[in-house]
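Descriptive structure summary
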Amino acid sequence: MNRFIAVLMLVAIIPTAVPASEPPQSSELEQRKAGARDVVTQLADQLSSELKAAMKEGGPKAAIRVCRDRAPAIKSRLSRETGWQITRVGTRVRNPLLGMPDAHEAEILSRFQSELDDGAAMPKLEHASVEKAGDDRYFRYMKAIGVKPQCLGCHGPVENQPKAIRTTLEEQYPADKAVGYEAGELRGAFSVIQNMADAYETP
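Thresholds, definitions, all that
Residues numbered from 1 in each chain as written. Predicted model: local features only at pLDDT ≥ 70, side-chain atom pairs only at ≥ 80, totals over all residues. Heavy atoms only, no water. Helix = DSSP H or I, 4+ residues; strand = E, 2+ residues; numbered from the N terminus. Buried < 20%, exposed > 50% of the residue type's maximum accessible area, 1.4 Å probe, protein only. Contact = heavy atoms within 4.5 Å. Phe/Tyr/Trp six-rings, centres within 6.5 Å; stacked < 30°, edge-to-face > 60°. Lys NZ or Arg CZ within 6 Å of the ring centre and 35° of its normal. Salt bridge = Lys/Arg side-chain N within 4 Å of Asp/Glu carboxyl O. Expected span 1.5 Å × (residues − 1). Polar contact = N/O pair within 3.5 Å; in protein donor to acceptor, adjacent residues only side chain to side chain. Arc of directions from axis to C-beta. Core = buried A, V, L, I, M, F, W, Y, C linked by side-chain atoms within 4.5 Å.

Moving on: the overall build of the protein chain. Check the secondary structure of the protein chain and you find six helices and five strands. Taken from the N to the C terminus, the helices and strands of the protein chain come in the order α-β-α-β-α-α-β-β-α-α-β. Residue burial in the protein chain is summarised as follows: out of 203 residues, 41% are buried. A fraction of 72% describes how many contacts in the protein chain between residues 6 or more apart in sequence connect residues 24 or more apart.

Have a look at this one:
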């Protein structure tokens, strides 16, 4: 079983607060948080750049290919380079194998939605914590992803999607649930997991 999948399963089953006798140093946590922010920014910027180029050259159908092929490739590369688990999870997912939140992520997404309902700004929504799974501790970071107007071609109401886009989505993602959004809504989050046994290095 993939090591990170096993970790996520353990965290989902037995989320445990770090014992007070073993508090991480605040400076280390701030470094890890800054590093997580940085790698999330890299992922968001690279994906946005490729999506814009694809939209300009081939429209929404080309953008779908970027999300299908390039987004996982970028996440995998950044994960290899940093040694961290880096991914995106959704409030409703297009590909259940890649975007389904674990128990911790689902809780934070719910918290993000509550904060939005109370008037919080989407760019300000982030969460960092330390979780324990077995004998290991993991630093976890999440950053909210909002729905932008340009996302609605693929993620908006089904009845508003062009037939060609709807057909492509149904072919590529038969279990697609990531539709029906409006601009400004919470679509998901970037999620980063770092094993705190690993020496921290700035990515």
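That covers the picture; the talk isn't over yet.
Another aspect to go through is the packing of aromatic side chains. Aromatic ring pairs: the centre-centre distance and the angle between the two ring planes describe each pair. Across all of its chains, the model carries zero aromatic pairs by this definition. For arginine 92, the ring lying beneath its charged end belongs to tyrosine 181, and the centroid distance is 3.9 Å. Residue placement shows arginine 94 over the ring face of tyrosine 173; its charged tip is 5.9 Å from the ring centre.

Applying the stated criterion to the full structure yields 12 salt bridges. The closest approach of N and O atoms between lysine 33 and glutamate 126, which form a salt bridge, is 4.0 Å. Highlighted residues: lysine 33 in helix 2 (residues 26–82) and glutamate 126 in strand 3 (residues 126–133), separated in sequence by 93 residues. Overall, the relative accessible area of 24% leaves glutamate 126 in the partly exposed class. Across the pair aspartate 102 and arginine 140 runs a salt bridge whose closest N-O atoms are separated by 2.9 Å. A residue pair is termed long-range when its members are at least 10 positions apart, and aspartate 102 in the loop between helix 3 (96–99) and helix 4 (103–117) and arginine 140 in strand 4 (residues 136–146) qualify at 38 residues. The same class applies to aspartate 102 and to arginine 140, which are both buried. In the salt-bridge network here, residues are joined through shared partners; they are Arg94, Arg166, Glu170 and Asp176.

With that settled, consider helix 4. What sets the pattern is the α-helix's 3.6 residues per turn: residues three or four places apart point alike. Look at helix 4: 21 Å from first C-alpha to last across 15 residues, which is about the 21 Å you get at 1.5 Å a residue. For helix 4, the N-terminal cap is aspartate 102; the gap from its side-chain oxygen to the backbone nitrogen of histidine 104 is 3.1 Å. Backbone geometry just after helix 4 places glycine 119 at a positive phi near 105°.

Among the residues making up helix 6 (residues 163–172), those that are buried are Ile165, Arg166, Thr168 and Leu169. Down the axis of helix 6, the buried set is contained in an arc of 165°. They therefore lie on one face. Exposed residues lying more than 90 degrees from the buried face of helix 6 are Lys163 and Glu171. Contacts made by the buried residues of helix 6 are with helix 2 and helix 5 (152–155).

Soluble globular proteins tend to pack their nonpolar side chains together in the buried interior. One finds Val39, Leu43, Leu78, Ile86, Phe139, Tyr141 and Val192 to be the most contacted residues of the largest nonpolar core, which totals 15 residues. Every element with two or more residues in this core is listed here: helix 2, strand 4 and strand 5 (186–195). The element contributing the most residues to this core is helix 2, with six residues. Excluding residues within four positions of it along the chain, leucine 78 makes contact with Val39, Gln42, Leu43 and Ile86. If you look at the next biggest cluster of nonpolar residues, it comprises 11 residues, including Leu116, Leu125, Ala144 and Leu186.

Structurally, the position occupied by alanine 144 is in strand 4. Judged by relative accessible area, alanine 144 falls into the buried class, the value being 10%. Taking the C-alpha atoms as reference, alanine 144 lies 6.5 Å from phenylalanine 190; in sequence the two are 46 residues apart. Excluding its chain neighbours within four sequence positions, the residues that come into contact with alanine 144 are Phe112, Met122, Leu125, Leu186, Gly188 and Ala189.

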